[in-house]
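Architecture at a glance
Read off the chains here:
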Amino acid sequence: MASSRITKTFKALKKQGRKAFIPYIMAGDPSIEKTKELVLLLEDCGADIIELGVPFTDPLADGPQIQRAAERALANGVRLRHVIALVKDLRKSTSVPLILMTYYNPVFKYGEEAFMKDASEAGVDGIIVPDLPPDEAGVLRRLSKKHGIDTIFLLAPTSTPERIETVVKASRGFIYYVSITGITGARLHLGSSLKESISRIRSLTDKPVAVGFGVKMPEEARAVSGIADGVIVGSEIVKRINSEPQDFSKLKEYLLSLRDAIR
Amino acid sequence: MKRGYFGLYGGQFVPETLMPALKELEAAYLSSKKDKAFQKELSELQKTYIGRPTPLYFAKRFTEHLGGAKIYLKREDLAHTGAHKINNALGQALLAKRMGKSRVIAETGAGQHGVATATGAALVGLDCEIYMGTEDMKRQALNVFRMRLLGAKVIEVPIGSRTLKDAINEALRDWTTNVRNTHYVMGTVFGPHPFPSMVRDFQSVIGKEAKKQILSAEGRLPDLLIACVGGGSNSIGLFHEFLKDDVNMVGVEAGGHGISSGEHAARFAGGSIGVFQGCKSYLLQDEDGNVLGTHSVSAGLDYASVGPEHAYLKDSGRIRYTYATDEEALSAFELLSRTEGIIPALESAHALAEAVKLAPKMPKDSIIIINLSGRGDKDVEHVARIKGVHI
């Protein structure tokens, strides 16, 4: 099978000795048109891969920033099908790897086969489903392979060696290491344990490892990029978008500072 | 059947962070089942603390009023704290202690499970925090104070619909964050495996007792069992012991203002298969898979999904599921109060409402057991408000 756009991105970065900057935004917050503008802005600011959150009523792995963003997006009428259509539209102007971060029920209700087909045709490169551990993802994994979409699974500080093995095997594109025992947007603890956890994962696989949950400021991003292959920043970006939803000039400064920090 | 599944339903749809905790819980639970000392402590406390066995009471005047089948009430309303919830909360509190956890958390809607968990935690000596939606805290101020009296901290959940489902989301987030020292006391036969099986086992004492009691009172098994179904723990608690017997069963969901109004919590009548808060089951959802708001006069039945084992028993046809509207439940609430001097919980009144429909059509020598899952004191103020009476 040809290697995916996500895999190619990590390979190219590795050659250049750089680390991936992976921002997350909630699709439809403040509006689907603004999300389009934001994706292009993120790419301009040096994002290597972009995560698009799919709004859901009950985002149990997310903190208040992202839950409120999902509530705003739902109030704007944005659903999974609109996010797929947005990706299709974006593909006219960008080839940056795009990942959908969605809870399982919208995908299940859409129909897993139909979802994979439509997402793949639209140009989605990967999916992250935080409430779907590999043990429950048999069907989705098979379909995602068939349609050329990477399934990215998560590991956490609580993961046992047995869990690490399962997740490493099931992940394609990269492995998402959750830096904290907690939800998105919580406080990051940069300590030796993060480094140890990542090396434990690395001893089992060559797949790239990106770290997310709790990375907010450039200093943190820099520290994480010293350990991992990629740095994911979500809640803080979502918060800043919401505080100035019409004017992205300050946001741009912040994004550039993150980009500069991730090496 | 796949591990942790009931046919198509169940599973473990949770963040990876929780997967090791679920495994630890399953192992602790399975070993506790075989541990004689643990079982002895549990059954001793069921007897001396909860007050089990609860009576099986022949409701003579209620029976005469309806003019058909003989109606027995399984009196879970007489259990300590006034509802069946304590059976599970006490079991899980003991299990938490056994696992070396220092803290328990729980969600609560009407407050009954929160009170039961706070009670279990006080008895065993664990820190206890209860998540409750802002709306529910307003509606159930008395239970909020009861929990605080019992030494628990009540944490307000001001986001989402500010009700039970949001309290569960917050409890799951807390558990994800504090999983190393905390046990999550899920209040019903819902959520990720092993909760649906474990909670059922802690509640199945209801059916085990009822079977012995009816055999001793009537010398035979009943013809029909009726129980209300929110998450489904009191109903599965009564039904489970009788599944292999020739006994009919009806589960009664909350019909709210009627199915066509869209304001109800009848997952079987108005829902479809979905994945929500840890498991696959029937779910009230829109065409895009977002979870719909629910309505019931009874907070304990006001939930968008239902235990996965019930979904399986519905599809297999072993149990029939129906619903009672707010109005039918309120009328049964008053009828039992007047004919028997027993004020039932509004949840249990849904089961009584089904008996009001069925009993008159059944022969006089047939037998119905209704699970009277809780007492109605908590609902008196609410019912007065509905009737326009100022207390």
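For the structure, check the block above.
Keep in mind that this is a model prediction, so the values were computed, not measured.

1. Observations regarding the overall build of chain B
- For chain B, the helix and strand inventory stands at 16 helices and 14 strands.
- Here chain B has a C-alpha radius of gyration of 19 Å; the compact-globule value for 391 residues is 21 Å, and the two agree.
- For chain B, the C-alpha atoms occupy an extent of roughly 55 × 45 × 45 Å along the three principal directions.
- With 391 residues in all, chain B has 65% of them scored as buried.
- Look at the contacts in chain B between residues 6 or more apart in sequence, and 73% of them connect residues 24 or more apart.
- Working note: accessible area of chain B is about 14000 Å², and carbon and sulfur atoms make up 52% of it.
- Each charge class in chain B was averaged separately, 47 positive and 44 negative side chains, and the resulting centres sit 5 Å apart.

2. Things to note about the sheet that holds strand E5 (residues 150–152) of chain A
Residue and element names in this part refer to chain A.
- An order of E5-E4-E3-E2-E1-E9-E8-E7-E6 is seen for the nine strands of this open sheet, with the pairing classed as parallel. For this open sheet the edge positions go to E5 and strand E6 (154–155), each flanked by a neighbour on one side alone.
- Inspection of the sheet shows strand E8 (residues 209–212) paired to strand E9 (residues 230–233) by two bridges, in the parallel sense. Note that in E9 the partner of Ala210 across the bridge is Gly230.

3. Structural notes on the nonpolar core
- Counting residues in hydrophobic clusters, the biggest one holds 94 residues, and the most contacted among them are Leu100, Phe115, Ile127, Phe174, Tyr176, Ile237 and Leu251 of chain A.
- Contacts of Leu251 of chain A, omitting those with residues within four sequence positions, involve Leu38, Leu41, Ile237, Arg240 and Ile241 of chain A.
- Among the nonpolar cores identified, the runner-up in size contains 66 residues, and Leu25, Ile86, Leu95 and Val154 of chain B belong to it.

4. A few points about the packing of helix H4 (residues 85–98) of chain B against helix H9 (residues 195–203) of chain B
Residues and elements named next belong to chain B.
- Their axes nearest at 8 Å, the elements H4 and H9 cross at an angle of 115°. As the angle between them shows, H4 and H9 are arranged roughly perpendicular. Of the two possible hands of crossing, H4 and H9 adopt the one that is right-handed. Each of Lys85, Asn87, Asn88, Gly91, Gln92 and Leu95 in H4 lies in contact with H9, whose residues at this interface are Phe195, Met198, Val199, Phe202 and Gln203.

5. Describing the packing of H4 of chain B against helix H5 (residues 112–124) of chain B
All names here are of chain B.
- The interhelical angle for the contact between H4 and H5, taken along N-to-C directions, is 40°, at an axis separation of 8 Å. Between H4 and H5, the crossing angle belongs to the class labelled oblique. Relative to H5, H4 is oriented so that their crossing is right-handed. Every residue of H5 that contacts H4 at Lys85, Ile86, Asn88, Ala89, Leu90, Ala93, Leu94 and Lys97 is listed here: Gln112, His113, Ala116, Thr117, Thr119, Gly120, Ala121, Leu123 and Val124.
- Broken down by class, the residue content of the contact of H4 with H5 amounts to nine nonpolar, six polar and two charged.

Calculation criteria
Residues numbered from 1 in each chain as written. Chains lettered and ligands numbered in written order. Predicted model: local features only at pLDDT ≥ 70, side-chain atom pairs only at ≥ 80, totals over all residues. Heavy atoms only, no water. Helix = DSSP H or I, 4+ residues; strand = E, 2+ residues; numbered from the N terminus. Rg over C-alpha atoms; globule rule 2.2 N^0.38 Å. Buried < 20%, exposed > 50% of the residue type's maximum accessible area, 1.4 Å probe, protein only. Contact = heavy atoms within 4.5 Å. Areas by Shrake-Rupley, 256 points an atom, 1.4 Å probe, with all protein chains shown as cover. Lys, Arg positive; Asp, Glu negative; His and termini not counted. Charge placed at Lys NZ, Arg CZ, Asp CG, Glu CD. Pairing = 2+ DSSP bridges. Core = buried A, V, L, I, M, F, W, Y, C linked by side-chain atoms within 4.5 Å. Axes fitted to C-alpha atoms, helices over the stretch in contact; angles between N-to-C directions. Parallel < 35°, antiparallel > 145°, perpendicular 65-115°, else oblique. Left-handed = near helix turned anticlockwise from the far one by under 90°. Nonpolar A, V, L, I, M, F, W, Y, C, P; charged D, E, K, R; others polar.

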